[in-house]
Structures are given as structure tokens and as C-alpha cells.
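A look at the structure
Here's the letter readout for the chains.
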Protein chains: 2
Amino acid sequence: MAGKPILDAVTSDPAVMGWMKGAPPPPELAIDPAQGNHMRFPYTRWSFSHMREFLPTQLVSRGEGPASPLPRALRDDLDAVTFRPAGVGDPMRWDAGLLANFTDGVVILHKGAIVQERYFGVTGPLSRHIAFSVTKSFVGTLAEMLIDEGRLDETAPVSAYVPELADSGYGNATVRHVMDMTTGIDYSEDYTDPRSGIGAFSLALGLTPRPSGYNGPTSLYRYLPDLRGEGSHGAAFTYRTVNTEVLGWIVARIEGQRIADVLSRRIWQPLGMECDADLLTDSAGTGFTGGGLNPVLRDMARFGEAMRMGGRYNGAQVIPAGVVDSITRGGKPEDFARANYPQLPGWSYRSQWWVTHNAHGAFTARGIHGQTIYVDPLAEMVIARFASHPVAANSALDGASLPAYHAMGEYLRSAS
Amino acid sequence: MAGKPILDAVTSDPAVMGWMKGAPPPPELAIDPAQGNHMRFPYTRWSFSHMREFLPTQLVSRGEGPASPLPRALRDDLDAVTFRPAGVGDPMRWDAGLLANFTDGVVILHKGAIVQERYFGVTGPLSRHIAFSVTKSFVGTLAEMLIDEGRLDETAPVSAYVPELADSGYGNATVRHVMDMTTGIDYSEDYTDPRSGIGAFSLALGLTPRPSGYNGPTSLYRYLPDLRGEGSHGAAFTYRTVNTEVLGWIVARIEGQRIADVLSRRIWQPLGMECDADLLTDSAGTGFTGGGLNPVLRDMARFGEAMRMGGRYNGAQVIPAGVVDSITRGGKPEDFARANYPQLPGWSYRSQWWVTHNAHGAFTARGIHGQTIYVDPLAEMVIARFASHPVAANSALDGASLPAYHAMGEYLRSAS
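Residues numbered from 1 in each chain as written. Chains lettered and ligands numbered in written order. Predicted model: local features only at pLDDT ≥ 70, side-chain atom pairs only at ≥ 80, totals over all residues. Heavy atoms only, no water.

For chain A, an unreviewed UniProt entry supplies the name Serine hydrolase domain-containing protein and the organism Novosphingobium tardum.

The subject of this paragraph is the interface of chain B and chain A. Chain B puts 33 residues into the contact, and the matching count from chain A is 33 residues. For the pairing of chain B and chain A, the buried interface totals around 2,400 Å² over both sides, and the portion due to carbon and sulfur atoms is 47%. Summed over the three residues of chain B that lose the most area to chain A, namely B:Ala23, B:Arg52 and B:Glu53, the buried surface amounts to 26% of that side. Seen at the junction of chain B and chain A, the total is eight salt bridges. A salt bridge links A:Arg258 to B:Glu53; the nearest nitrogen and oxygen atoms lie 2.6 Å apart. Applying the counting rule to chain B against chain A returns 15 residue pairs in polar contact (both at pLDDT 80 or more). (Contact = heavy atoms within 4.5 Å. Buried area = accessible area lost by both parts, 1.4 Å probe. Salt bridge = Lys/Arg side-chain N within 4 Å of Asp/Glu carboxyl O. Polar contact = N/O pair within 3.5 Å; in protein donor to acceptor, adjacent residues only side chain to side chain.)

Once that is clear, we can look at the nonpolar core. One finds A:Tyr170, A:Ile267 and A:Phe303 to be the most contacted residues of the largest nonpolar core, which totals 93 residues. Among all residues touching A:Tyr170, those that are not within four sequence positions of it are A:Val158, A:Leu165, A:Val178, A:Thr183, A:Ile185, A:Leu227, A:Val242, A:Asn243 and A:Val246. Judged by nonpolar contacts, the second largest core, of 92 residues, contains B:Phe54, B:Phe132, B:Ala252 and B:Leu271. (Core = buried A, V, L, I, M, F, W, Y, C linked by side-chain atoms within 4.5 Å. Buried < 20%, exposed > 50% of the residue type's maximum accessible area, 1.4 Å probe, protein only.)

On to helix H10 (residues 297-308) of chain A, then. Residue and element names in this part refer to chain A. Over its 12 residues, H10 runs 17 Å from end to end, which matches the ideal 16 Å to within 8%, given 1.5 Å per residue. Most of H10 sits inside the fold, with 12 of its 12 residues counted as buried. Of all the residues in H10, the buried ones are Leu297, Arg298, Asp299, Met300, Ala301, Arg302, Phe303, Gly304, Glu305, Ala306, Met307 and Arg308. At the C-terminal side of H10, Gly310 shows a positive phi close to 65°. (Helix = DSSP H or I, 4+ residues; strand = E, 2+ residues; numbered from the N terminus. Expected span 1.5 Å × (residues − 1).)

Okay, the environment of B:Phe102 next. All names here are of chain B. Positionally, Phe102 belongs in the loop between helix H3 (94-100) and strand E4 (103-110). We classify Phe102 as buried; its relative accessible area is 8%. Spatially, the C-alpha atoms of Phe102 and Thr174 are 38 Å apart, while their sequence positions differ by 72 residues.

Quick look at the relation of the copies chain B and chain A now. Rotating chain B by 180° and translating it 0.0 Å along the rotation axis places it on chain A, where the RMSD comes to 0.0 Å. On the angle and the small slide along the axis, the relation comes out as a two-fold axis. No C-alpha of chain B lies nearer the rotation axis than that of B:Pro56, which sits 2.8 Å from it. Of the residues that chain B buries at the interface, 100% are likewise interface residues in chain A, meaning the two copies contact each other through the same surface. (Least-squares fit on C-alpha atoms with pLDDT ≥ 70 in both.)

Okay, the environment of A:Thr103 next. Residues and elements named next belong to chain A. With respect to the secondary-structure elements, Thr103 resides in strand E4 (residues 103-110). On the accessibility criterion, Thr103 (2% relative accessible area) is buried. In sequence terms Thr103 and Phe386 are 283 residues apart; their C-alpha atoms lie 6.0 Å from each other. Polar contacts involving the side chain of Thr103 include one to the main-chain carbonyl oxygen of Leu98, which spans 2.8 Å.

Turning our attention to the pattern of salt bridges. Tallying each qualifying case throughout the model produces 56 salt bridges over all chains. We note a salt bridge from A:Asp299 to A:Arg302, for which the minimum N-O separation is 3.0 Å. On the criterion of helical spacing, the pair formed by A:Asp299 and A:Arg302 is a turn pair, its members being three residues apart in helix H10. Judged by its relative accessible area of 2%, A:Arg302 falls in the buried class. One continuous salt-bridge network, built from bridges that share partners, spans A:Glu64, B:Arg72, B:Glu117, B:Glu274, B:Arg298, B:Asp299 and B:Arg302.

This paragraph deals with the packing of aromatic side chains. Tallied over the entire structure, the rule returns 46 aromatic pairs over all chains. Aromatic side chains B:Phe138 and B:Phe303 sit 3.9 Å apart centroid to centroid with 15° between the ring planes, which places their arrangement in the stacked category. Within this pair, whereas B:Phe138 is found in helix H4 (residues 134-148), its partner B:Phe303 is found in helix H10 (residues 297-308), the two being separated by 165 residues in sequence. Side by side, B:Phe138 and B:Phe303 carry an identical accessibility label, which is buried. For the pair B:Phe237 and B:Tyr349, a centre-to-centre distance of 4.8 Å together with 35° between the ring planes defines the contact as tilted. With a gap of 112 residues between them, B:Phe237 in the loop between helix H7 (220-223) and helix H8 (241-255) and B:Tyr349 in strand E10 (residues 348-350) connect regions that are remote in the sequence. The buried category is assigned to B:Phe237, whose relative accessible area is 3%. Through a chain of ring-to-ring contacts, three or more aromatic side chains come together here, namely A:Phe237, A:Tyr239, A:Phe336, A:Tyr341, A:Tyr349 and A:Trp354. Positioned above the aromatic ring of A:Trp354, the side-chain terminus of A:Arg366 is 4.9 Å from the ring centre. (Phe/Tyr/Trp six-rings, centres within 6.5 Å; stacked < 30°, edge-to-face > 60°. Lys NZ or Arg CZ within 6 Å of the ring centre and 35° of its normal.)

Structure, rendered in C-alpha cells:
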């Protein structure tokens, strides 16, 4: 980046930069997926709201029913809520935090009503924005629902459901290892290393363009069986997106249906989502369950609210209460502590959700570049946020996010 | 096809054949776009309802408003309506005609209410099915709206709006030539000739897979300027999809907005469409205005009904009455007669619509493989149909379609 001006949230505003404006856009405003630009900042500030234009997608249908009501009780006092960013001396206002994190949209629900809804750049209430690993929490919830119904045995080996993985590193992993990311697999989630596991995974998926002469796997289901084991299963939490692809494979096998259709039938339709969502797929038509969901922000908030309400939403027990209990009680903090997340002290990970174990009982779904569902049960608050931060890893964003969420929870709890 | 069994509508039912079932689908049930299977019968019976899974698409948003009411007055007497297929001796029932034409879905509106709605195979009321050249009639209507507003001069040369085409065969064509398909361009619409104009067009668009070593244009806006003239403009009707790509370019330039967004703002939102639509794009993000719209069937019917009502629909004059008048009065039958459509005697073509000039004043939007909006003003009837007939050219379908539509109009008119 030497010599280049550093862009902040305002100077990188994609509406101002004018990406993809014109018929055709001039070269300097075009986003070329063949160059991988759609996955590079600052292009991402536009592309994250338009992923279906770059990749094949499946419809996650909301069905034909009415949307579930999402009452509006907008307040103008919330921007002034202040918090102390981690590791920084000066307090920061909520609205400054939104800019600091390159927020594309935020919805705050308090007691089920929208108290703040804000969009930036080219993102609006109808924009399908990539949720990245927030997708995982939807898939983990589906898996917990299958366990609750006795159709999935968390103690069974992965290969009991997906024999194709018997000879891979997943051969002797259990479903629970996969759900809680405690597998031992030779795969790294380092986004800054182009030769890392996530890099090869992204090439197999087709999310990043394949170099000429590429002869690696060209679909998820061809890539996953090649993964080798490393270390032992069950020893420590290690965040690996491939675990969720395996979990998605298991769920699709059991349901006999594509994940996009399972999401529609079990989540999107019963929750009364207001918009269809897009699910990115590989070129073989396999849904990208580790990070490919593109919902509108309000629907992401609805999912968080359903979790806050113990699975009861839109007049029905959509997600069994036992499923929510299983998730919110969290995983083993000692497993989690072995991973290196200094900004997440005392947290744990269970069933594809992050659990804070803080005084508010908060739990959260997290995706790279700042995608978030943050549920604060004590404050009766849910925050859904889309963002396009230049840095993938949430460690770059947490400092001005997690304290802000907690402060907003404290404020709403005391001011309500 | 020698030696292969001939599949009919029943034996090619895509739900029975099981395309794309399984995680992953076994090779014999997979549809591989890299092989072009998504565009080949019988795969098309599945893929035509799932085009977004094979190609990049843009959202044509319905907005946030309520859907316009589409009353239901279903009748069970319509299947027995009989007609005499062109060139065939025996009368045929309406329901047999649906099978004969590999119908994926049909909606009949009479006086604005649904009197029949039927789906086949994997197509349902929420399926976005490719409309192929029915797309053209949407774009032609947008162009007429711009003329009505004085923002587009039909007598002006194309290059007045798109200077990039000044040196192409379109250099001295007028907007009206393009709208009415009376340009003289070295381009053939023969779907059975792989080296024809439509073949090269489809490669540039990316609709069919590019062979290795392909070094032709890779976007619509790079392909169109290379087209050369042939003969003279204004002499005869010659159906060429590239004319509509040029028209789409003109509309996008004038509106300063992508066609998907123009369609949303000017058609989808004001008509109260019930679902978003998908618009296929090339890899540069240019909407495929000649054939890339994928709406749900009821929304295609709504557009037909709006045209039947002189542009007034959903409580507003969405399309100016003068626009509908301009379209429905048709083009010059003598221009049309020079094209070889023995099954369409006395017809004409205007502003991307086909006008029958029959006693009912019927006019229609037509797409390959059987996509249709058929408006019969005298019978107060609109028929919207999706199909996946093995043959692209509508001449293969018209014999059991056009007489059926007319008979249904006669029946509804007399029986109501």
C-alpha cells in the first residue's frame, strides 16, 4: 500500500467512487471478476452488495406468505452512545464507530422493534449483501434442528453421513467436532497467505479467479475429500470454513435437499422473511455454506430476533427451544482459549455460533469484513450489521465493534 | 438423434428425470454449464427455471410495496376447449396442447382474474423462468416510453445515442429501424447453425461456453460495434436479437441507469410485481436485453394485463396510453411479409412486439422454446406461458399454440 492514499469509509464510499456506473462503465470504474477485483478493497464496497452479478447463485425463497411484522420505533438518541474502543484511549460515539468499521448497513432491534436502521454507500434495505461466515450460524442452527429431531447423531463419525469423506482427514471426526470447529485438519484460515487453505478452498469454490493452468479441484465436493488430517480432533477450537462445508454436506444429505431449499423451508418461510436471499454456489451447484448467503439486513435481524426469543417467532416455534439452549450455553472455553483470540476473552464457540459468556449472555454470528448478528438477551437487543472493512479478519474490527455493541446494550437496558 | 428415444413432455419431465438431485448429483443427473448442457434439451426442462445458477444475474427489484392484486376465478371448463392445430387434421384439446408444446407453466387471465394457472415439472409459481425474447417486448416498451417523454427521437440515428456504434453497421440506422427490426445487418438468427450470428453473439454474451482458444469479444458492448451492415435499413423486417441489445444500450444511456434498474423503477415497482426477477448479464455486467429476463409467470401475466388495459394498472397509468397505442397499431405488414413466417400471415412487428392484426386485435411477446405473452383485447384475455420445447424456433410451436390461444379467446368471449 506504500504511496497509495489510505481510503477511509467516507473516501471509499462506493456511490461516490461511482463503481459500475455507465453503459459500459469506463475501465477505471469497472469491477472485473476475472481479475478478482470483486474480492478486493475498495471494489468490495460495491461488490459485497452485488455478489450475484459475479457468481452463480441459488434462490433462497421467502415463499408466498406475508412478511413477519418488524415494528419501527426509531430513536435519535442512539448515535450519541459512547464506548471505549479496545486498546484505544479515547471514547468513541456509536455513529463514529459505524464509519470506523466501514459499515454498509446496521439495524438495531430493541424488544423486537427497529430502533435504528442505517445504510451507507450503495447498500440499501433491499440489498442482498454477502453475510460471509454469518452463513455458518444458519447452517449450524439447521444441524442442531436435525439433532433435536433425532435425525442427526452428533457423536457419529462424519463418514456415517458422507462416506466420500471416509478416507479424508474427516474420516474419524465426529459431527460435533465439525459443528464446534474442533477438528484437526491440515488447513489454514489465514486470509493474508495466498497459499493457505482458505486460498485453495476459494479457488476450488470459484470465489477467486483460477490462474491459467489451474488443475486443482473445481467444486467443493471434489475439494473436501482431499483434505488431510493434522493433529487430533476434539483438542482445540480452530476456525476452519471447510468444517461448515462438511456440515452443509451432512445436512443436505439428511434432508435430501439443497441447502438453499432447506434454508427456505426451515428458516426463510417460517420466519416470514421479507426478501428472498441469494446463496453463492460453486460451478457444480453446491451451495457455499461456509459463507455464501446474501440476505437483506432486516432478514438477518429477524433471524437474530428469533434466536433471542428462544426460537419462537412469527407466531410459531420455528426453531426448537432446545436448539437455542444448546447453542447459547456455548462450547468449552478451554478449547476456545487454545486459539489465539486475545480480543475475545472467555468466549467459546458452539454449533457455528460465537458465545461471549459475558454478563448479558450475548452470542453472535460473525463474518469476515464485519458481517454480524449480535444478540444481547439481557438488553433484549439484536444488532445486524453489514460492512466492507478493508481487512478480512474480524480482529481488525472487533475493537470498535464489540465494545460498541455492549455499550448499546447497556444503554438500551438502562434507558428503556 | 438417430437411435435415441424421442422424449415427449411427459417422458422428459425434469422432476421425474431427477436433474440435479443429490449432494452432489450423480454425473448422469448433473447439468454442466461448461459443457453447455444448460442450453440443451432435455436439460433445459430444468435449467430454464434455474438460469441464475449458471450465469451471473442482476436483481430486477419489485421494491417494498405490496403486490398488485391478481384475483383468482379458476374454472375447470377450459381444458376441454378445442382448437385445430395448424396443418394438422385432428382437433386438439387445450390441455393436450400444453403437453404438445412442453409447457412449463401457463396463466390465463380473463377480465383481469386468473381463470387457469398450471405448472409442470420443476416450474412453480415462484420459479424465475427464462423469458428469452419476451424480454425484448419489455425493452421495446421502455423505449416507447422514452419517445413519449420526448427523451428519445425515433428518427435519430443510433449513433446519436451510442457513438460507439458510428462505424458499425448500425451507423446509419435509426432508432425506429432498431425498434422494428428493419435494420440491414450481417447477422443471422439461425439457431441451428453454430457459426451463425446468434452463435457468435451467444459466445460473446457467455450464454454458451467458449471453446478453448476463443479470442472473440467477451462482452456485448465489445461485440456490437464489430457488426457490419448488409443490405439497407428500413427495407424489410428481419428478426435479429442484436437489435434489442442496441436498443437496450440506447435506453441505458438515456436513463443513466442499468436496464435491470430501469425495469425495476418503470415496470416492476409500479405494476406491483409480486416477485423480483433475474436479468442475465454478460461478464462485464451488461444486461442481456434481447433475452435475459427471468420473471415469475404471474408477473409476466401482469405485464400483459397492463398492456391490455392501455397501460393503466395497479391504480395508475404506468405505461402511457399512447405507448400502448403505438405498439398495438403494429408495423407495416408489407415489411413483415418479406420475412418468411408462413405461420404468421398478415402479422407485423413494432417496438419489439408481434401484432397479429386479427379480428381480436391480438398482439404478443414471443421467446424461443415457447415463451409467450398473448394479449387478446376483444376477449379481454391475457395468456402467459413458459415452455421448454426441444426446438428453439417458435415455428415448431406455433401450430399448437396460436390456434389454441385464439380458440381460448373465442371461448372466453362467448362463455363469459
